[in-house]
Amino acid sequence: MRKKVIAGNWKMNKLLNEAEDFVTDVKGDVPSFDQVETVVVAPFTHLHPLVQKAAGSDVKIGAQNMYHEDNGAFTGEVSPEMLKDIGVDYVVLGHSERRELFAETDESVNKKVHASFKHNLTPIVCVGESDEQREADQASEVVEAQVKKALEGLTNEQVQDVIIAYEPIWAIGTGKTATAEDANAMCAHIRNVVKSFANEEAANQLRVQYGGSVKPANVEELLGQSDIDGALVGGASLKADSFLQLVEAGKHE
Ligand SMILES: O=C(CO)COP(=O)(O)O
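Residues numbered from 1 in each chain as written. Predicted model: local features only at pLDDT ≥ 70, side-chain atom pairs only at ≥ 80, totals over all residues. Heavy atoms only, no water.

Undergrad: What am I meant to see in the layout of surface pockets here?
TA: One simple way to see leftover space: roll a probe sized like a water molecule over the atoms. The space that makes up the largest pocket amounts to roughly 520 Å³. In terms of lining, the largest pocket is formed by 21 residues, of which the most central are Lys11, Met12, Gln64, Arg98 and Phe102. When residues of the lining of the largest pocket are traced back to their parent elements, those giving at least two are α2 (44–54) and α4 (96–101). Its residues assigned to classes, the lining of the largest pocket shows 10 nonpolar, 7 polar and 4 charged. (1 Å grid on protein atoms, 1.4 Å probe; cavity = no way out; pocket = protein on both sides within 12 Å on 5 of 7 lines; lining within 4 Å. Points joined across faces, edges and corners; volume = space filled by probe spheres on them. Helix = DSSP H or I, 4+ residues; strand = E, 2+ residues; numbered from the N terminus. Nonpolar A, V, L, I, M, F, W, Y, C, P; charged D, E, K, R; others polar.)

Written as structure tokens, this is what we have:
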């Protein structure tokens, strides 16, 4: 059975003291890492203090982006080596907000995925179709192309450690969630796409999260589906009690 990954993507929210208080509040109550992987995905300025706050607990810390080079003349960028150096374990790549607002492409996501493995960071690769693409019946092919390009050139050993987050753009921050059946069908499709270029074992181990208006009221139904291995959560991850309910739902014995 694949272990669930519940990741709270705070986006550009919380000041440092609020972020630290959050980790202090939740860290004693999150289930053990063997039961569910709990990740707080925070703004760059908060990462180092949060790694220190979370030390010795089952909370892991993730970044929301990075550049693919190790170092150099790239003003304003943060490297995978810098993230690893301060104790970050996960990195979200290709979030739709970055694709839409900051010109992130499938090619840049692919470079970042390779860079994440070079520095032993677990990539959470976001894919998902827009409302127009879904209306035009293009959702499956859009997601297929994003997955193939993002994972291009990875070994089977790397593929099995990838986390893909299926986040339909129309469900992000809108209160509209994909039905559990539709979300599961797309997550299963993603696994089949992975099987077209990686071996069966790698494709079966890779985790596929769902994201888009996940909250305590719908998380159990979503996580109960055969191919949904976790959730990438925005709004409902900002409050400690709601976040704890989400991670609790991801637990397996
Ligand atoms: O974009 C998301 C997580 O990365 C989803 O955000 P919401 O949970 O606020 O819809």
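Undergrad: What's the story with a negative patch on the surface in this structure? I'm lost.
TA: Residues Glu18, Asp21, Asp25 and Asp29 make up a contiguous surface patch of negative charge. Assignment of secondary structure puts Asp21 in helix α1 (residues 16–26). (Patch = residues over 30% accessible without salt bridge, like charges linked within 9 Å, V, L, I, M, F, W, Y side chains within 5 Å. Areas by Shrake-Rupley, 256 points an atom, 1.4 Å probe, with all protein chains shown as cover. Salt bridge = Lys/Arg side-chain N within 4 Å of Asp/Glu carboxyl O. Lys, Arg positive; Asp, Glu negative; His and termini not counted. Charge placed at Lys NZ, Arg CZ, Asp CG, Glu CD.)

Undergrad: I keep staring at the site of the ligand and nothing clicks. Help me out?
TA: Around the ligand lies a shell of 13 residues, among which Lys11, His95, Gly173, Ser213 and Gly234 are the nearest. The contact in question runs from an oxygen atom of the ligand to an N or O atom on the side chain of Lys11, over 2.8 Å. Between an oxygen atom of the ligand and a main-chain N or O atom of Gly234, the distance comes to 2.8 Å. Contact with the protein chains covers 95% of the free accessible surface of the ligand, which is 310 Å². Taken together, the residues of the shell around the ligand break down into 4 nonpolar, 7 polar and 2 charged. (Near = heavy atom within 4 Å. Polar contact = N/O pair within 3.5 Å; in protein donor to acceptor, adjacent residues only side chain to side chain.)

Undergrad: Hey, could you run me through the packing of helix α5 (residues 106–118) against helix α7 (residues 139–150) in this one?
TA: To characterise two packed helices, one gives the angle between the axes of the helices and the distance between these axes. α7 packs onto α5 with a crossing angle of 40° between their chain directions and a minimal axis gap of 8 Å. Relative to α7, the element α5 lies oblique. Along its contact with α5, which presents Asp106, Glu107, Val109, Asn110 and Val113, the element α7 presents Gln146, Lys149 and Ala150. Its residues placed into classes, the contact of α5 with α7 shows 3 nonpolar, 2 polar and 3 charged. (Axes fitted to C-alpha atoms, helices over the stretch in contact; angles between N-to-C directions. Parallel < 35°, antiparallel > 145°, perpendicular 65-115°, else oblique. Contact = heavy atoms within 4.5 Å.)

Undergrad: Mind showing me how you'd approach the sheet that holds strand β5 (residues 122–127) here?
TA: In a beta sheet, neighbouring strands pair by backbone hydrogen bonds and run either parallel or antiparallel. One closed barrel holds the 8 strands; their spatial order is β1-β2-β3-β4-β5-β6-β7-β8, and the pairing between them is parallel. With direction set aside, neighbouring strand axes in the sheet form an average angle of 25°. With 4 bridges connecting them, strand β6 (residues 163–166) and strand β7 (residues 207–211) associate as parallel partners. Directly across from Ile164, in β7, lies its bridge partner Val208. Here α5 sits on the sheet and contacts β4 (90–93) and β5; the angle it forms with β5, its principal contact strand, is near 160°. Sheet contacts for helix α9 (residues 180–195): β5, β6 and β7; angle to β6, the most-contacted strand, approximately 140°. (Pairing = 2+ DSSP bridges.)

Undergrad: For this particular structure, what's the right way to read the UniProt feature "active site" (unreviewed entry) in the chain?
TA: The sites that carry the UniProt feature "active site" (unreviewed entry) are, in the present numbering, His95 and Glu167. Judged by maximum C-alpha separation, these annotated positions cover 73 residues in sequence but sit close together in space, the widest gap being only 8.5 Å. If you take the residues mentioned a moment ago, the ones lining the largest pocket come down to His95. Note on placement: His95 falls in the loop between β4 and α4. (UniProt positions renumbered as here; feature names shortened; annotations may be inferred.)

Undergrad: Any chance you could explain the UniProt feature "binding site: substrate" (unreviewed entry) in the chain here in plain terms?
TA: Residues annotated by UniProt as "binding site: substrate" (unreviewed entry) correspond here to Asn9, Trp10, Lys11, Gly173, Ser213, Gly234 and Gly235. Despite a sequence span of 227 residues, these residues sit close together in the fold, their greatest C-alpha distance being 13.9 Å. Annotated residues from the preceding list that form part of the lining of the largest pocket: these are Asn9 and Lys11. Looking at where Lys11 falls in the secondary structure, it is placed in the loop between β1 (4–9) and α1.

Undergrad: What's the story with the nonpolar core in this structure? I'm lost.
TA: Counting 69 residues, the largest nonpolar core has Val40, Leu83, Ile164, Ile190, Val194 and Tyr210 as the members making the most contacts within it. Looking at this core element by element, the count peaks at 7 residues for α9. In this structure, Tyr210 is in contact with Tyr166, Pro168, Ala171, Thr177, Ala178, Ala183, Leu222, Ile228, Gly230, Ala231 and Leu232, ignoring residues within four places of it in sequence. In this structure, Ala7, Val41, Ala165 and Leu232 belong to the second largest nonpolar core, which totals 11 residues. (Core = buried A, V, L, I, M, F, W, Y, C linked by side-chain atoms within 4.5 Å. Buried < 20%, exposed > 50% of the residue type's maximum accessible area, 1.4 Å probe, protein only.)

Undergrad: Any chance you could explain the state of the cysteines here in plain terms?
TA: Here a disulfide denotes one covalent bond, and it connects the sulfur atoms of two cysteines. According to the stated counting rule, one finds 0 disulfides in the structure shown. Free cysteine Cys126: the closest other cysteine sulfur is in Cys187, separated by 12 Å. (Disulfide = S-S within 2.5 Å.)

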